[in-house]
Amino acid sequence: MTLADYLPIALMALLGLGFSVVTLWLSWKLAPNRPTAEKLAPYECGIVPLQEPAERFPVKFYLVAMLFVIFDVEIVFLFAWAVRMDEFGWAGIAAVGLFMALLGETLAYVWKRGALDWNVPYRRRYRRVVAEPLEEAA
Amino acid sequence: MTGVLLAAVKVAVAFGFLMGTVIVLVWAERRIVAFMQNRHGPNRAGPAGILQTAADGLKLFFKESMTPRKAEFALYIAAPVLAVVPALLVFAVIPVGAPITIGGVTYTLQVTDLDVGVLYVLAVSSLGVYAVTLAGWSSGSKYPLLGSVRAAAQMISYEAALGLALVPVIMFTGTTSLAEIVEAQGGTFGGGLPAWNLVLVPSFVIFLIAGFAETNRAPFDLVEAEQEIVGGYHTEYSGMRFAFFFLAEYINVFNMAALTTVFFLGGWHGPRFGPPAVEMALPVVWFLAKTWAIVFLFIWVRATLPRVRYDQLMAFGWKRLIPVSLVWIFLSMVAIGVRRFGLPWA
């Protein structure tokens, strides 16, 4: 296995790029182009847009991205071991078992903290935190 | 030099094959869904409507491609290209048939075989997330933005389950090269059953479900939930630029079905008989038959199941699929360990 194995992939990428660029360019040249102000406005179901696109979106999406990184790294480690599983025998299985238990524990913790829940009303998620100062005030 | 020439020929053939496949696939999906819903579906262009996709493509080619006023043009135009190229690249490592020998030279029916094939497939197919995210963000409109962050979160969530489902396959076959994974499924188990990785049933089921979600297909097609977010991340795309997202989606569906065949259904393995020419062609026939069976499953599921809600989607991915995959990896590694190394205390 050498770098030459990747040559067809480079060729495929070039072909894909070339095809895309030529097709998009030809289509742009051949198709009509009659822009109007309404046509170029952001899509809003036929009415005049009231809001700009949100510049912030829920932090939950970032959380999912971070969790994904954790699990993707786990997968890469597992792949590396799985290919050479026979060389490590039971010691390898024990080590990987421990590694997976730690990640399982991570998942359980994140799950318990509610990071995997969507659409939980703010009041329910932070009930205790919000309620306590109110009781003090009363 | 011949190596370069051979590579170029293989790339060209693979590219042509994929384009032809997409034409048939889109038509097949529309016809099959139509029959399941008691309609006719497209049946005018060509025999039984098979040229409908080509006609649609031609129509989109000559349609205006408008650029929304608020779009970031460089990223906006790069996104459809970024969707198509990774879809093509994934296909490059899929073995579509047994090696064939013509005039004493053996050719592999695979554009290229990589040692790290599985990692390559996972890495390249996740590049598609960039296309989705950039398309939504650069459109400068709120529905595409919402659709793209949803799609990105969905795709990376289910990618974790997809990767975890493959760990037992690699343990079982001891390689990450796609050609060798197929090779390892050649024999039979006792009783004449073909030695496909399908014995890893939970892996197969998880891979298939995650595959539906990865390709944004029903019941996980939240990306284009038109009641909530209009057309999703490609709302602001029109003409050929939209056609590219469409093309990428269908290439991805075919790739996912082909990968399911490679990983679990024995790839091109099947009975081989007859004169040399037939015997040489049969593996390709088996591979295509298995892949199209999975493609049919994709279409069947789309016609059958309603779309899930977004919180259900994320909950199913993180709270069901991933824990189940972890438990399954644990069970299968203990089982494989007992089979290969004996009991740990013996």
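Details of the structure are given in the entry above.
Note that the structure is predicted; figures quoted are calculated from it, not measured.

### Focus: the overall build of chain B
When you go through chain B residue by residue, the secondary structure sums to twelve helices and two strands. What you see in chain B, going N to C, is helices and strands ordered as α-α-α-β-β-α-α-α-α-α-α-α-α-α. Its C-alpha atoms give chain B principal-axis dimensions of about 70 × 55 × 50 Å. When burial is assessed residue by residue, chain B has 57% of its 346 residues classed as buried. For chain B, restricting intrachain contacts to residue pairs at least 6 apart in sequence, the fraction spanning at least 24 positions comes to 78%.

### Considerations on the pairing of strand E1 (residues 97-102) of chain B
Residue and element names in this part refer to chain B. With four bridges connecting them, E1 and strand E2 (residues 105-109) associate as antiparallel partners. Across the sheet, residue Ile102 finds its bridge partner in E2, namely Val105. Linking E1 back to E2 in an antiparallel pair, the connection comprises two residues, with Gly103 at a positive phi of about 60°.

### Regarding the packing of helix H10 (residues 239-264) of chain B against helix H11 (residues 276-304) of chain B
Residues and elements named next belong to chain B. At a closest axis distance of 8 Å, the pairing of H10 and H11 adopts a crossing angle of 125°. When the interaxial angle is binned, H10 and H11 end up oblique. Handedness of the H10/H11 crossing: right-handed. Contacts from Tyr250, Val253, Phe254, Met256, Ala257, Ala258, Thr260, Thr261 and Val262 in H10 reach Phe287, Leu288, Lys290, Thr291, Trp292, Ile294, Val295, Phe298 and Arg302 in H11. When its residues are assigned to classes, the contact of H10 with H11 shows 13 nonpolar, three polar and two charged.

### Focus: unusual backbone geometry
All names here are of chain B. Within the chain, Asn38 stands out as a residue other than glycine whose phi angle is a positive 65°. Mapped onto the secondary structure, Asn38 falls in the loop between helix H1 (2-36) and helix H2 (52-61). Backbone geometry at Ala48 places phi at a positive 55°, although glycine is not the residue there. Given a relative accessible area of 40%, Ala48 falls into the partly exposed group.

### With respect to the packing of aromatic side chains
All names here are of chain B. Per the counting criterion, the structure on display carries 22 aromatic pairs over all chains. Measuring from ring centre to ring centre gives 6.3 Å for Phe91 and Phe254, while their planes differ by 45°; the resulting arrangement is tilted. With Phe91 in helix H3 (residues 73-91) and Phe254 in helix H10, this residue pair connects regions lying 163 residues apart in the sequence. Take Phe91 and Phe254: they sit in the same class, and that class is buried. Relative to Trp300, the ring of Phe296 has its centre 5.8 Å away and its plane inclined at 40°; by these criteria the two rings are tilted. Placement of the pair is Phe296 and Trp300 together in helix H11, with a separation of four residues, close to one helical turn.

### Description of the environment of Asn38(B)
Residue Asn38(B) is classed as exposed on the basis of its relative accessible area, which comes to 73%. Sequence spacing of Asn38(B) and Ala243(B) is 205 residues, and the spatial spacing of their C-alpha atoms is 27 Å.

### Looking at the pattern of salt bridges
According to the stated counting rule, one finds nine salt bridges over all chains in the structure shown. Measuring nitrogen to oxygen at the nearest pair gives 2.4 Å for the salt bridge that ties Asp117(A) to Lys319(B). On the criterion of chain membership, the pair formed by Asp117(A) in the loop between helix H4 (85-112) and helix H5 (122-125) and Lys319(B) in helix H12 (residues 310-341) is interchain, its members lying in two chains. Exposure remark for Lys319(B): the relative accessible area of 15% places this residue in the buried category. As a salt-bridge pair, Asp56(B) and Arg30(B) come within 3.0 Å of each other at their nearest N and O atoms. One end of the pair, Asp56(B), is in helix H2; the other, Arg30(B), is in helix H1, with 26 residues separating them in the sequence.

### Some points on helix H4 (residues 117-126) of chain B
Buried residues dominate H4(B), accounting for seven of its ten residues. The complete set of buried residues in H4(B) reads Gly117(B), Val118(B), Tyr120(B), Val121(B), Leu122(B), Val124(B) and Ser126(B).

### So, H3(B)
With 19 residues, H3(B) should reach 27 Å at 1.5 Å per residue; the first-to-last C-alpha distance of 29 Å fits that figure. A bend of about 30° at Ala79(B) is the largest found in H3(B), and the proline Pro80(B) appears one to four places after it.

Rules of the game
Residues numbered from 1 in each chain as written. Chains lettered and ligands numbered in written order. Predicted model: local features only at pLDDT ≥ 70, side-chain atom pairs only at ≥ 80, totals over all residues. Heavy atoms only, no water. Helix = DSSP H or I, 4+ residues; strand = E, 2+ residues; numbered from the N terminus. Buried < 20%, exposed > 50% of the residue type's maximum accessible area, 1.4 Å probe, protein only. Contact = heavy atoms within 4.5 Å. Pairing = 2+ DSSP bridges. Axes fitted to C-alpha atoms, helices over the stretch in contact; angles between N-to-C directions. Parallel < 35°, antiparallel > 145°, perpendicular 65-115°, else oblique. Left-handed = near helix turned anticlockwise from the far one by under 90°. Nonpolar A, V, L, I, M, F, W, Y, C, P; charged D, E, K, R; others polar. Phe/Tyr/Trp six-rings, centres within 6.5 Å; stacked < 30°, edge-to-face > 60°. Salt bridge = Lys/Arg side-chain N within 4 Å of Asp/Glu carboxyl O. Expected span 1.5 Å × (residues − 1). Bend = angle between axes of the 7 residues up to and from the residue.

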